[in-house]
Amino acid sequence: MCASEKKSAGPDAGPSRVWIIEDHLSIRQLLESFLGLLPGFTVAGSSPDAEPAVAAAKRGEADLIILDLMIRGDGGIAALHRLNGLPRAPRVLIYSATATTHSLQLSLAHGAAGYVEKSDSLDELRLALNRIRGGGMHFSPGPSRLLAAVLRTPDRSRKRTEDAELQVLEKLARGHTIKGTAHDLGLSTQKVYRLRQTLMERAKARTSQDLTRYAIEVGLVGAHREDVG
């Protein structure tokens with residue numbers, strides 16, 4: 001089975017084995033209890049970072065991953081990329097406190113099968129898990145609205161701009177200067193400055209620290225312990 005092939009469970013299949021990647025212990029425990037009561041699912045394991053989940057998926061012991069984007073290590077998007085690249089890739093549901101155009105685009109680009117916000121009801125989460133288990137996809141109302149907006153404007157030049165925004169965001173969040181970022185990406189310093197200003201507006205950021213926090217929230221870079229609480 002190649003990496004692009006995803007396992008789905010039919011009505012007669014055994015329970016889907018779910019691994020939860022979530023930094024907050026209380027949320028992990030809530031999800032474990034919820035899945036324990038949900039027919040068709042069993043908890044394969046849970047962890048505050050991606051390493052145990054990736055190892056379990058490599059051994060074929062996880063069919064579905066619930067992934068928070070704001071995690072320690074390299075961040076949620078890097079974890080999603082690693083999981084999606086496995087020979088027997090599990091299906092991945094993003095379960096995040098934040099939904100933005102950037103986080104949605106990154107999640108889709110790296111193979112997520114769905115996106116649910118933590119503010120959504122457990123019924124919404126149940127619906128998403130069942131649809132993904134059956135081979136489908138599911139986006140809760142907030143991410144669905146963002147997805148509709150993205151699909152309404154499939155402009156190539158806009159996509160290039162958004163890709164450049166994400167590249168600049170990652171560089172700046174990792175501590176690169178505007179001049180260094182411009183050099184690394186082959187852009188002018190004026191272009192990088194304009195992209196930074198756009199990012200600050202989109203993220204409602206007032207400082208560089210706010211912008212870094214936004215990059216962590218969308219999963220582009222990993223969180224430090226003090227960032228996740």
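It should be emphasised that the depicted structure is a prediction, and the values quoted were computed from it without experimental measurement.

A. Representation of the environment of L129 within the structure. Mapped onto the fold, L129 is located in helix α5 (residues 122–133). Taking the C-alpha atoms as reference points, L129 and L93, 36 residues apart in sequence, are found 7.7 Å from one another. Apart from the residues within four sequence positions on either side, L129 is in contact with F34, L35, L38, F41, L64, I66 and L93.

B. Fine view of the confidence of the model for the protein. Averaged over the protein, the pLDDT score is 89; the fraction of residues at 70 or greater is 89%. Every residue in residues 1–5 scores below 50 in pLDDT, and together they form nine contacts with partners more than four places removed in sequence or on other chains.

C. Quick look at the side chain of T100. Take T100: it is sitting in the loop between β4 (91–96) and α4 (101–109). A distance of 3.3 Å separates the side chain of T100 from the side chain of Y214, its partner in a polar contact. Setting aside residues no more than four positions away along its own chain, T100 makes contact with L146, Y214 and V218.

D. Spotlight on the sheet that holds strand β5 (residues 114–117). Ordered by their spatial adjacency, six strands build an open sheet running β2-β1-β3-β4-β5-β6, and the pairing between neighbours is parallel. A strand with exactly one partner marks an edge of an open sheet, and here the two such strands are β2 (41–47) and β6 (138–139). Bridging between strand β1 (residues 16–21) and strand β3 (residues 64–67) involves four bridges; their strand directions are parallel. Bridging across to β3, I20 finds its partner in I66. This element, helix α2 (residues 51–58), spans β1, β2 and β3 of the sheet and lies at about 160° to β1.

E. Looking closely at the pairing of β4. Of all the six residues making up β4, six are buried; the element is thus mostly covered by neighbouring parts of the structure. Neither face of β4 is left uncovered, since the one carrying R91, L93 and Y95 and the one carrying V92, I94 and S96 both have all their residues buried. Here β3 pairs with β4 via four bridges, running parallel. Within β4, the residue paired with I65 across the bridge is V92.

F. View of the environment of T198. Tracing the chain through its elements places T198 in helix α9 (residues 189–203). On the basis of relative accessible area, T198 is assigned to the partly exposed category, the value being 27%. Expressed as a C-alpha distance, the spacing of T198 and E165, which sit 33 residues apart in the sequence, is 8.3 Å.

G. The arrangement of α5 in detail. Taking 1.5 Å per residue as the helical rise, α5 with its twelve residues ought to reach 16 Å, and the 16 Å between its terminal C-alpha atoms agrees with that figure. Among all positions in α5, only E124, L125, A128, L129, I132 and R133 are buried. With its buried residues spanning 165° around the axis, α5 presents them on a single face. Positive backbone phi, at 100°, marks G135, one or two positions downstream of α5.

H. Examining the nonpolar core more closely. If you look at the biggest cluster of nonpolar residues, it comprises 47 residues, and the most contacted ones within it are I21, I65, L67, L83, I94 and L211. Counting residues per element, this core draws most heavily on helix α7 (residues 156–173), at six residues. Excluding residues that lie within four positions of it along the chain, I65 makes contacts with W19, I21, A53, L83, P90, R91, V92 and L93. Residues L35, L38, L125 and A128 belong to the second largest nonpolar core, which totals 17 residues.

I. How the structure looks around helix α1 (residues 25–36). With twelve residues, α1 extends 16 Å between its outermost C-alpha atoms, agreeing within 8% with the 16 Å of an ideal straight helix rising 1.5 Å per residue. The complete set of buried residues in α1 reads R28, L31, F34 and L35. Projected onto a plane normal to the axis of α1, the buried residues spread over an arc of 130° and lie on a single side. In this structure, α1 carries S26 and G36 as exposed residues pointing more than 90 degrees from its buried face. The secondary structure elements touched by the buried residues of α1 are β1, β2, β3, β4 and α5.

Criteria and thresholds
- Residues numbered from 1 in each chain as written.
- Predicted model: local features only at pLDDT ≥ 70, side-chain atom pairs only at ≥ 80, totals over all residues.
- Heavy atoms only, no water.
- Helix = DSSP H or I, 4+ residues; strand = E, 2+ residues; numbered from the N terminus.
- Contact = heavy atoms within 4.5 Å.
- pLDDT = per-residue confidence, 0-100.
- Polar contact = N/O pair within 3.5 Å; in protein donor to acceptor, adjacent residues only side chain to side chain.
- Pairing = 2+ DSSP bridges.
- Axes fitted to C-alpha atoms, helices over the stretch in contact; angles between N-to-C directions.
- Buried < 20%, exposed > 50% of the residue type's maximum accessible area, 1.4 Å probe, protein only.
- Expected span 1.5 Å × (residues − 1).
- Arc of directions from axis to C-beta.
- Core = buried A, V, L, I, M, F, W, Y, C linked by side-chain atoms within 4.5 Å.

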